[in-house]
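Results of the structural survey
Listed here are the chains, written in short residue letters.
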Amino acid sequence: MACASASAFRGLDAITGDVLNAGVLAGRVGWLADLVQAMCAEVTGAHWNRSDLAQLASGQAPSGEKLPSNAWMALRTLGWTANAPQGVYVPDRVRRIAEEQAGRVLRSAWWRTEVTGAVLATWPMGSPDPLKRGEAEWGALREALPDGDAVAASVLRARTRQIDAFRIAHGRLPGDLCELEAPPGGGYQVVLAAADKQLAALARCEEDPAQYAALTVRLPVRPDPRARTDWHPVLIRFRLPPTIGHTDALHMPTLRLSGGRLRLDVAHTAAVPKTRRNGHVRAVAFDYGLNTLLTGGVLTLSGGAQPTVLTNGRPVFFRPDGVLAKADRLRLQAEQLWTKAEHLKTLIAGRTTCGLRPDALTVVKLAVLRTEHARVSRRRTRLNEQLAKAAARFMVAHALAAHASVIYLEDLRDMEARGKGRTLNTRLSTSVRGKIVSHIRHQAAKYGIAVVIVPARGTSKYCPRCLSAFRHRTAPDRTAPGWKWAICPNTACAYSVDRDVAAWQRIGARGLQHQHTTVLDRGSGTYVIRRTVQKLDLPVQHTPRPGPATPTDPAEPYGSADRTKAEPTRNRPVPRQRRRVPAPPATPATPTAHTAAAEPGGKRPAGRSPQQPTRHTQWRGRRQAPHTMSAPSRHQSHQRHQPTGARLGAGFHLHVHATPSPCVWPQPRSLFQRNRAESPAPPRKTSAHLRR
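What counts and how
- Residues numbered from 1 in each chain as written.
- Predicted model: local features only at pLDDT ≥ 70, side-chain atom pairs only at ≥ 80, totals over all residues.
- Heavy atoms only, no water.
- Buried < 20%, exposed > 50% of the residue type's maximum accessible area, 1.4 Å probe, protein only.
- Helix = DSSP H or I, 4+ residues; strand = E, 2+ residues; numbered from the N terminus.
- Pairing = 2+ DSSP bridges.
- Salt bridge = Lys/Arg side-chain N within 4 Å of Asp/Glu carboxyl O.
- Axes fitted to C-alpha atoms, helices over the stretch in contact; angles between N-to-C directions.
- Contact = heavy atoms within 4.5 Å.
- Polar contact = N/O pair within 3.5 Å; in protein donor to acceptor, adjacent residues only side chain to side chain.
- Phe/Tyr/Trp six-rings, centres within 6.5 Å; stacked < 30°, edge-to-face > 60°.
- Lys NZ or Arg CZ within 6 Å of the ring centre and 35° of its normal.
- Parallel < 35°, antiparallel > 145°, perpendicular 65-115°, else oblique.

What follows covers the pairing of strand β1 (residues 2–8). Summarising burial for β1: 5 of the 7 residues are buried, a large majority. With 7 bridges joining them, β1 and strand β10 (residues 261–269) adopt antiparallel strand pairing. If you follow Ala2 over to β10, its bridge partner there is His268.

Printed below as a string of structure tokens:
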């Protein structure tokens, strides 16, 4: 099951026959969302206490009856019903929606209540800094939690900071979560899944079921409906997202407003291969980085009495330098706008405190800055979303090419951006690791590929070949201590490699060797390896296979051939990388008066030919590297789109460097695409047609 978002731009009132534009339709949905939000807030506020939360989480009513799985039915069993505002008529199905949203919020709060209670029970009273606990104190906190190993350390530290802030403000510790936090709302949305056909109905359009669907829902015609006649059925026809197949089953969507328009979060179900928890032989592992976002490769588990992890040692890279540079520029712009807005806010507050009227121009400037900051924030959100999708697609493509059944990623939930310098802290804080995991789980599930999270401790510290502690240097030819390059001190091994390349080998080997300990995290739905056993951490063997490269061979992915030089190099010049000047003339073989003996002929100068800038020194060509994903230049295709050059590392998606996958991405075509492919192409218009 997955969810895709769609937009609705118009609707049809089934009673009056009026066509509702996007603004009117969003207004009616907004009135419905206001009613649902008010009723939901009333229910959550009335039962925001530890006893009621424990009663709902126990799954059993005071009478001994088992509570239903649906949240609205469980609340009605307990007698926690939602009431309509005074003088307003609300159908019973709308009350169901409010109770469903309130029940989901209250159920999700019990886990936070248990974590907060465990932190309060083991609070270090004599310590000035509660974050600096000892090993025994952290162990006691883990034991107080219901599932201590499953809770990330970053969650415990964040909850500790929240409690410490309350203690500083009030001079005492809070009693529980209900005192620490205010009653939450149900969100400004309408969950139609709790209703039935009397309120809403969803079906595919008969004329084009592959691309369009129709939603019929009763909406109020006024913000305070007084009778049943104030609720009119509205037909909303919308285009289905391309990620929803024509055979997928559609479920009731969730309505919400975004930017003054109606958005529908459509849930759909499709049949996919089932993922396996263990029993994997071929795996793909990836390591997160900063400059290189993803570094990974393929590993194979050999059979026998003592299985061994084999790898060809050929990494693949995903380097979105331009996208990360643009995200950093947007971050700086957002910080500047926020600073200016806070300064103007302080000026307005100062005049208000003195009893003066705020300056009208200052108020207008503050509104403009807030609007611009919101716009930049939306751009950053969209950019991070696109980056996460591209990274997930990159990993799944390589897993399909390698015929792997599992993808191993490192667990970086506990990593915090602190104590590493201002620049590095900022780069770590703005990473999109969580979104990447969410998107790769969704994309890998389509092909039955499991995604397993592996503990990251020690993956970059030890050599994957002999498990000796690495010596990290700034570069392979420098002896100064650094971070990027790793050199094995074992003379028998002497493995010298990039830090990220060594890390993905350790991550994949740890996942394959501990796959029998893989468990399913019920909260996130992801396979996780909680702990590792030191005896199972065995070295990785590099086994290059001689012979020609065969990317489609399941036994050896990516064409891992022996690169030992055994024959003359082919005389194949690399285009645009050799100088076009002729070689110097050879010295005559016969000695002359000026030359005492025969000398060999001159050689062609090596290296690339110097290129003079055509317009500006900071501009470069469009095709900057063999694996740069950008629009083809004029001499490569006849496309009209010709983007301007950009400085490497400072552009947009034109400069996402990734290792090409040796497979074709399986993408089923929709009915509309097949019809377009089968239909004849229209005749091309010439200059004569244009003159007519």
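There is more to say, and it comes next.
For the rest of this paragraph, the subject is the pattern of salt bridges. The full count for this structure, using the stated rule, is 23 salt bridges. Note that Glu181 is salt-bridged to Arg112, the shortest N-O span being 3.7 Å. Here Glu181, found in the loop between α7 (177–180) and β4 (189–191), pairs with Arg112, found in helix α4 (residues 92–121); they are 69 residues apart in sequence, far enough to count as distant. Put simply, Arg256 and Asp265 hold a salt bridge, and the shortest N to O gap is 2.8 Å. The buried category is assigned to Asp265, whose relative accessible area is 16%.

Taken in spatial order, the 3 strands line up as β17-β18-β19 in an open sheet, and their pairing is antiparallel. Of all strands in the sheet, those with a lone pairing partner are β17 (471–473) and β19 (496–498), marking the two edges. Across the sheet, the mean angle separating the axes of adjacent strands is 30° when strand polarity is ignored. Summarising the sheet, β17 and strand β18 (residues 485–487) pair through 3 bridges and their orientation is antiparallel. When the sheet's bridge partners are listed, Arg473 is paired in β18 with Trp485. The strands that helix α12 (residues 499–513) touches are β17, β18 and β19; relative to β19, the one it contacts most, it runs at about 90°.

Mapped onto the elements of the fold, Asp13 is located in strand β2 (residues 11–13). Remark: the alpha-carbon pair of Asp13 and Pro233, spanning 220 residues in sequence, is separated by 6.3 Å. Non-local contacts of Asp13, meaning those with residues more than four positions away in its chain, are made with Asp18, Arg28, His232 and Pro233. Polar side-chain contacts of Asp13 include one of 3.5 Å to the side chain of Thr16.

Our focus in this paragraph is the packing of aromatic side chains. A full pass over the atoms with the stated rule returns 2 aromatic pairs. Seen in terms of ring centroids, Phe286 and Phe394 are 6.1 Å apart; in terms of plane orientation they differ by 65°. Their pairing is edge-to-face. In this pair, Phe286 sits in strand β11 (residues 282–288) while Phe394 sits in helix α9 (residues 360–401), placing the two residues 108 residues apart along the sequence. Here Phe286 and Phe394 have matching classes, each one buried. For the ring pair Phe318 and Phe394, a centre distance of 5.2 Å and an interplane angle of 35° mean the geometry is tilted. Linking Phe318 in strand β14 (residues 316–319) with Phe394 in helix α9, this pair joins segments that are 76 residues apart in sequence. The pair Phe318 / Phe394 is uniform in exposure class, with both members buried. One aromatic cluster is present, formed by Phe286, Phe318 and Phe394 through successive ring pairs. Positioned above the aromatic ring of Tyr212, the side-chain terminus of Arg237 is 4.0 Å from the ring centre. Positioned above the aromatic ring of Tyr495 is the side chain of Arg465, whose terminal nitrogen or guanidinium carbon lies 4.2 Å from the ring centre.

On to the environment of Pro307. Tracing the backbone through its elements, the reader meets Pro307 in the loop between β12 (294–301) and β13 (309–311). Taking C-alpha positions, Pro307 is 9.6 Å from Leu538, a pair spaced 231 residues apart along the chain. With residues up to four places along the chain from it excluded, the contact list for Pro307 reads Leu301, Ser302 and Leu538.

Our focus in this paragraph is the sheet that holds strand β7 (residues 231–239). Strand order across the open sheet formed by 5 strands is β3-β2-β7-β6-β5, with antiparallel pairing between neighbours. Strands at the two margins of the open sheet, each flanked by one partner only, are β3 (19–20) and β5 (200–204). For strand β6 (residues 212–220) and β7, the ladder comprises 9 bridges, and the chain directions are antiparallel. Bridging from a neighbouring strand, Tyr212 pairs with Arg239 of β7. Sheet contacts for helix α1 (residues 22–46): β2, β3, β6 and β7; angle to β6, the most-contacted strand, approximately 55°.

A few words on the packing of helix α2 (residues 50–58) against α4. Each pair of packed helices can be summarised by the angle the axes make with each other and by the distance between the axes. Close contact between α2 and α4 brings their axes to 9 Å; oriented N to C, the two are set at 105°. With respect to each other, α2 and α4 are oriented roughly perpendicular. From α2, Arg50, Leu53, Ala54, Leu56 and Ala57 reach across to α4, where they touch Gly103, Leu106, Arg107, Ala109, Trp110 and Thr113.

Another point: the side chain of His47. Within the element layout of this structure, His47 appears in the loop between α1 and α2. Setting aside residues up to four positions removed in sequence, His47 forms contacts with Asp52, Leu53, Trp80 and Leu106.

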